[in-house]
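# Coordinate analysis (summary)
Chain residues, written in single-letter form:
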Amino acid sequence: MLSDAETIMRKAVALARSSKPAYHELYDFLERVFAAQIQVKPRCRLSLNPMDGEAIKARWTAGLPLMRRWDFPVDLKAAHEVLEAVTRAVPEHNRELSGACSAIFKALAQNPSAKDAIWESFLHHDWNPWEEWLDTAGVDLPSLLYVARSCLRPSIERTAEERLQRACPDDHWKAGFCPVCGSLPSLISLEGEGQRRAHCSWCGTPWRLARFQCPVCDNRRHASLGYLYAEQEPGYRIDYCMECRHYFKTIDARERLWPLWIPLEEWTTLHLDLVAQREGWKTPPSPAPAVYETDGFAVPS
Amino acid sequence: MAGMSFFIDTTRCTACRGCQIACKNWNQNGASMTKNLGSHQNPPDLDANTFKLVRFSESEVNGKPVWYFFADQCRHCLEPPCMDAIAGYVDGGVIHDEETGAVVYTDKSKEAPIDDVREACPYDIPRAREDGRIVKCTMCLDRVKNGLIPACVKVCPTQAMNFGTRESMLELAQKRLADLKAKYPKAQLLNPQEVRVIYLVVDDPTKYHSHAVASLGSGIDRKLALRRLFKPAKTMARALTLG
Ligand code: SF4
Ligand code: SF4
């Protein structure tokens, strides 16, 4: 019996196979990675720092994210299980991905006592602590980060869901960054009566955005916010901000027959990035929880 | 496979005609010649450029005038009689999509005479273009196959138009019917077991439109039954001529 999430994911992949054949090489791989993540997620055992309801509420009200990325706990077994699944799913000829998988395997095998530290090193964003254990010579860095973070994703999402459940906010989160981890959205969706919902690029948390709001610079003036739209692709657009010149991809979920599977959409909208960048808009430096610094969080040295 | 269905809740329809226009727009159907017959219904009937028409009917309830609105379109019958009629003349004139249940005519439909096809339809839906191609609502199959809801459903501001799996639409229809029954004892779903476009009305269906339900009108049922009987003979006759 498939879980609901798995049914939604498989339906989304099947649909993408027929409606977006340009990405055909991705689907087998992604479907297997997503399936592994979905199956592993409910089994994650995480030792989450206790944070009482009051503290959560106070941070929420102050507009401060609940955690820093490197404070997310990791279930080593779960991460390892996904790593095995990713390795099995890598297409034969993809040297970048298979090189990334074997580099992680090798590091874990050679440093059995540092397994936690190796996995946790990938929770960082602006330095490369994994290099202490990983031989990165000849390894494609984006592939390495993609594989490692795919393995951590079930632990991260579980933690974010748990935190958010306890935050139980009565009022909307008003910032353009994620209320749980402070990251920027990977995608935005339009839902219901036109509400705008951001989807965190790091922990998957969804949150409400204002109809006119740039997630990067919080510009809310409609005159300097715009969007690009292609008639051949109804349901997608590129929201941009003329102040900071950043853009975000937006999906109109109101046109959709089936629920969105955001991690898949991140891949099958890559052509929109090309369009946006050709028009001179840029992606925000990612990962970018700049908000940590203003919060007095100690940045690790 | 159970496929897809529409649920059209006429009690929510405000006759804004958004669906009618969205349908025209998505299908790139041009304008139709129309004339004012003293009703807001415009054009007066379905035509080769109008796959969806909001019908307006004035009626009387407890001595007060009321307007009934009926967003008419092909019902995508579970066993479409129009398909039998077209198949009697040409192969491949109709696609009955397995996944969704949509009934879609192809260009080959021009081999079939419109009068026969139109007569076969219990809801009087099919119309012919000038070149003979027979046309009607396609369930926006090009959108649905790409994971999008039909154009008419997308645009409806009051949720009168709904679209989804057959199971979910039947559930929604039953729930809405149960909610309305107390206030409107005549509330009913129209032919829910036979079609994929399930209408909810709160009064005698003929007050909405003469072809709102299949069982009404003059001997449509009998005509259908006869056509069913004759179909094998027709097909055989064709086979013989071809042979
Ligand atoms: S489903 Fe598409 S073709 Fe059919 S009535 Fe609606 S908009 Fe028109
Ligand atoms: S409503 Fe008429 S045109 Fe539509 S499928 Fe049924 S018989 Fe065919």
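Source: prediction; values computed, not measured. (Residues numbered from 1 in each chain as written. Chains lettered and ligands numbered in written order. Predicted model: local features only at pLDDT ≥ 70, side-chain atom pairs only at ≥ 80, totals over all residues. Heavy atoms only, no water.)

## Remarks on the pattern of salt bridges
Where charged atoms from two side chains of opposite charge come close, those side chains can pair. All names here are of chain B. Short version of the rule: A pair is scored as a salt bridge if a Lys or Arg side-chain nitrogen falls within 4 Å of a carboxyl oxygen belonging to Asp or Glu. Secondary structure elements follow DSSP: runs of H or I no shorter than four residues count as helices, runs of E no shorter than two count as strands, and numbering proceeds from the N terminus. In this scheme, a residue with accessible area under 20% of its type's maximum is buried, one over 50% is exposed, and one in between is partly exposed, where area comes from a 1.4 Å probe on protein chains only.
Within the structure shown, the criterion is met by 36 salt bridges over all chains. Note that Asp45 and Arg118 form a salt bridge whose closest N and O atoms lie 4.0 Å from each other. Of this pair, Asp45 sits in the loop between helix H1 (18-26) and strand S2 (53-61) while Arg118 sits in helix H3 (residues 114-120), placing them 73 residues apart in sequence. Residue Asp97 pairs with Lys145 through a salt bridge whose shortest N-O separation is 3.1 Å. Taken together, the positions of Asp97 in the loop between strand S4 (94-96) and strand S5 (103-105) and Lys145 in the loop between helix H4 (141-144) and helix H5 (151-155) put the pair 48 residues apart, joining distant regions of the chain. Note on Asp97: relative accessible area 13%, which makes it buried. Look at Lys145 and you get partly exposed, because its relative accessible area is 31%. What you see here is one network of salt bridges that share partners, running through Asp45, Arg55, Asp72, Arg75, Arg118, Asp124 and Arg127.

## Considering the site of ligand 2
Residue and element names in this part refer to chain B. To be explicit about the condition: For this description, a residue counts as near a given molecule or strand if any of its non-hydrogen atoms is within 4 Å of it. For this scheme, ten residues count as nonpolar: Ala, Val, Leu, Ile, Met, Phe, Trp, Tyr, Cys and Pro. Four count as charged, namely Asp, Glu, Lys and Arg, and the remainder, Gly too, count as polar.
The environment of ligand 2 is made up of 15 residues, and the closest members are Cys74, Arg75, Cys77, Cys82 and Cys121. The set of elements that each furnish at least two residues to the shell around ligand 2 consists of helix H2 (81-87) and S5. Its residues placed into classes, the shell around ligand 2 shows 12 nonpolar, 1 polar and 2 charged.

## With respect to the site of ligand 1
Close contacts around ligand 1 come from Phe6, Cys23, Asn27, Lys52, Cys137, Thr138, Met139, Cys140, Pro150, Ala151 and Cys152 of chain B, and that covers them all. Split by residue class, the shell around ligand 1 holds 8 nonpolar, 2 polar and 1 charged.

## Examining the sheet that holds strand S5 (residues 236-241) of chain A
Residue and element names in this part refer to chain A. To be explicit about the condition: Paired strands, as defined in this entry, are two strands with at least two bridges between them according to DSSP. Axis lines are fitted to C-alpha atoms, over the contacting stretch for helices. Their N-to-C directions set the angle, which ranges from 0 to 180 degrees. Note on definitions: a residue-residue contact is assigned when non-hydrogen atoms from the two residues lie within 4.5 Å.
Taken together, 6 strands build an open sheet; the order of strands is S3-S2-S1-S6-S5-S4 and the sheet is mixed. The sheet is open, and its two edges are formed by strand S3 (206-209) and strand S4 (225-229), each paired on a single side. The average undirected angle you get between the axes of adjacent strands in this sheet is 30 degrees. Here 3 bridges tie strand S1 (residues 185-191) to strand S6 (residues 247-252), and the two strands are oriented parallel to one another. When the bridges of S6 are listed, Ile188 appears paired with Thr250. Packed on one face of the sheet, helix H9 (residues 270-278) meets S4, S5 and S6 and runs near 135 degrees to S6.

## Details of the nonpolar core
Here is the rule: We define a nonpolar core as any set of buried Ala, Val, Leu, Ile, Met, Phe, Trp, Tyr and Cys residues linked to one another through side-chain atoms lying within 4.5 Å. Annotation comment: domain bounds sourced from an automatic or database domain assignment.
One finds Phe72, Ile104, Trp119, Leu134, Val147, Cys203 and Leu264 of chain A to be the most contacted residues of the largest nonpolar core, which totals 71 residues. The two domains that each donate at least three residues to this core are domain 1 (4-166) and domain 2 (185-291) of chain A. Those residues in contact with Leu264 of chain A, other than ones at most four positions away along the chain, are Ala12, Val13, Ala16, Tyr27, Leu30 and Phe34 of chain A. Counting 43 residues, the second-largest nonpolar core is a separate cluster that includes Leu257 of chain A together with Val54, Ile198 and Tyr199 of chain B.

## Considering the domain arrangement of chain A
Residue and element names in this part refer to chain A. Selection rule: Buried area: the sum, over both parts, of the accessible surface (1.4 Å probe) that disappears when the two are put together.
Its domain assignment divides chain A into domain 1 (4-166) and domain 2 (185-291). For domain 1 versus domain 2, the distance between C-alpha centres works out to 22 Å. With 28 residues of domain 1 at the contact, the number on the domain 2 side is 24 residues. Interface area for domain 1 against domain 2, summed over the two sides, is near 2300 Å², with a carbon-plus-sulfur share of 73%. Counting the surface domain 1 buries against domain 2, the share from its top three residues, Tyr23, Arg69 and Arg153, is 26%. Inspection of the domain 1/domain 2 interface yields 1 salt bridge.

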